[in-house]
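Structural description and commentary
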Amino acid sequence: MNAIIAQRAPGFRPKVGAILGSGLGSFVEAVKAVAVIPYGDLPGFPETTVSSHAGNLVLGHVGPTPVAVLQGRAHYYERGRADEMKGAIQALAELGCETLLQTNAAGSLRLDMPPGSLMAITDHINFTGANPLFGVGPGHGRFVDMVDAYDPALTRRLLAAAKKVNVACHEGVYIWFCGPSFETPAEIRAARILGADAVGMSTAPETILARHAGLKVVALSLMTNYAAGLVPGPLGHEQTIAVAKEAAQNVKRVLCTFLESYGA
Ligand code: HPA
């Protein structure tokens, strides 16, 4: 698969790989693209079934930093496989990426983080019982250390980037639920007691896969709604997309500033 990438973007060696979450794919407009390759052309890359996820690998530059952007992820809930992103993340590592930058849409468990707020992920709770490394054999590094899985130094730089462009950015713990149904209010009350600040259906498995592949991780969540039961009313994917669209410019500014100074 990396032969295909090398053929479309000869000599291109990305430093940072990025995964863009629901409704946040427009960040690619900020990438000066060298090549855009549909996942369908790349063996081992996922089929995405969520319409707000485009399914392209975009190679190019943000400022001086060479990046490989995965525009769209596949989720555990799509086919019941937690390792959907394994091939794509391994490809990023093999291409030379040292860091995986992730974005996602999430539900907020905190009233002081209303929809539209950003949160740098400092740690996660895997509440699914699944792991993308199920089946990895002995001798293949399956006992991955998860201390500081979200790199503290890179997270500080992400927060500094947000400050520089005047975008408020919280810090907190992300809890991974498998979806695709939203959580119940009781599950969200439990998640709060467990120490979670935001809830979503992605990101944690990609972090595990990235740490397994030797990549550092830094991640930014966009709150698209209050989690179930925090405020009256139902939840829907439409709201996720609508709020993500509105806040996408803030996310883009933070990511661009982070990436422009990445090598500095
Ligand atoms: N729960 C799970 N995933 C989400 C949510 C939520 O409330 N909002 C956006 N993604």
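Residues numbered from 1 in each chain as written. Predicted model: local features only at pLDDT ≥ 70, side-chain atom pairs only at ≥ 80, totals over all residues. Heavy atoms only, no water.

**Re the pattern of salt bridges**
Tallied over the full model, the rule gives 7 salt bridges. Between Arg110 and Asp112 there is a salt bridge, with the nearest N and O atoms lying 3.0 Å from each other. The exposure class of Arg110 is partly exposed, given its relative accessible area of 22%. The shortest N-O distance in the salt bridge between Asp197 and Arg110 comes to 3.4 Å. Of this pair, Asp197 sits in the loop between α5 (185-194) and β8 (198-200) while Arg110 sits in the loop between β5 (99-108) and β6 (118-126); the two residues are 87 residues apart in sequence, bridging distant segments of the chain. (Salt bridge = Lys/Arg side-chain N within 4 Å of Asp/Glu carboxyl O. Buried < 20%, exposed > 50% of the residue type's maximum accessible area, 1.4 Å probe, protein only. Helix = DSSP H or I, 4+ residues; strand = E, 2+ residues; numbered from the N terminus.)

**Looking at the site of the ligand**
Around the ligand sit Ala105, Ala106, Gly107, Phe182, Glu183, Val199, Gly200, Met201, Thr224, Asn225, Leu235 and Thr240, and that is every residue in its neighbourhood. The contact in question runs from a nitrogen atom of the ligand to an N or O atom on the backbone of Ala105, over 3.3 Å. Asn225 places a side-chain nitrogen or oxygen 2.7 Å from a nitrogen atom of the ligand. Compared with its free state, where it exposes 260 Å², the ligand has 95% of that area covered by protein. Elements with a minimum of two residues in the shell around the ligand: β5, β8 and β9 (216-226). At 3 residues, the largest contribution of residues to the shell around the ligand is made by β5. (Near = heavy atom within 4 Å. Polar contact = N/O pair within 3.5 Å; in protein donor to acceptor, adjacent residues only side chain to side chain. Areas by Shrake-Rupley, 256 points an atom, 1.4 Å probe, with all protein chains shown as cover.)

**Here's the deal with helix α6 (residues 204-212)**
Counting buried positions along α6 gives 7 out of 9 residues, so the element sits mostly inside the fold. Those residues of α6 that are buried lie in contact with β1 (16-20), α3 (86-95), β5, β6, β7 (169-176) and β9. Following α6 by one or two positions, Gly214 has its phi on the positive side, about 85°. (Contact = heavy atoms within 4.5 Å.)

**Things to note about unusual backbone geometry**
Keep in mind that most residues, glycine aside, have a negative phi and that most peptide bonds are trans. Put simply, Gly179 and Pro180 share a cis peptide bond, and its omega is 0°. Positionally, Pro180 belongs in the loop between β7 and α5. Its identity as a non-glycine residue notwithstanding, Asp148 has a phi of 55°, on the positive side. Here Thr203, not a glycine, exhibits a phi torsion of approximately 70°, which is positive. By the secondary structure assignment, Thr203 is in the loop between β8 and α6. The class of Thr203 is buried, set by a relative accessible area of 0%.

**Remarks on the packing of aromatic side chains**
All chains considered together, the criterion is met by 4 aromatic pairs. Ring geometry for Tyr39 versus Phe45: centroids 5.5 Å apart, planes at 55°, classification tilted. Taken individually, Tyr39 and Phe45 each receive the classification buried, so the pair is uniform in this respect. Geometrically, the ring pair formed by Phe258 and Tyr262 is edge-to-face, given 6.1 Å between the ring centres and 65° between the ring planes. Across the pair, Tyr262 and Phe258 agree in class, each one buried. (Phe/Tyr/Trp six-rings, centres within 6.5 Å; stacked < 30°, edge-to-face > 60°.)

**Observations concerning the side chain of His124**
Within the fold, His124 resides in strand β6. Separated by 2.8 Å, the side chains of His124 and Tyr150 make a polar contact. Setting aside residues no more than four positions away along its own chain, His124 makes contact with Met146, Tyr150, Val173, Tyr174, Ala204, Thr207 and Ile208.

Geometric values such as these leave the question of function open.
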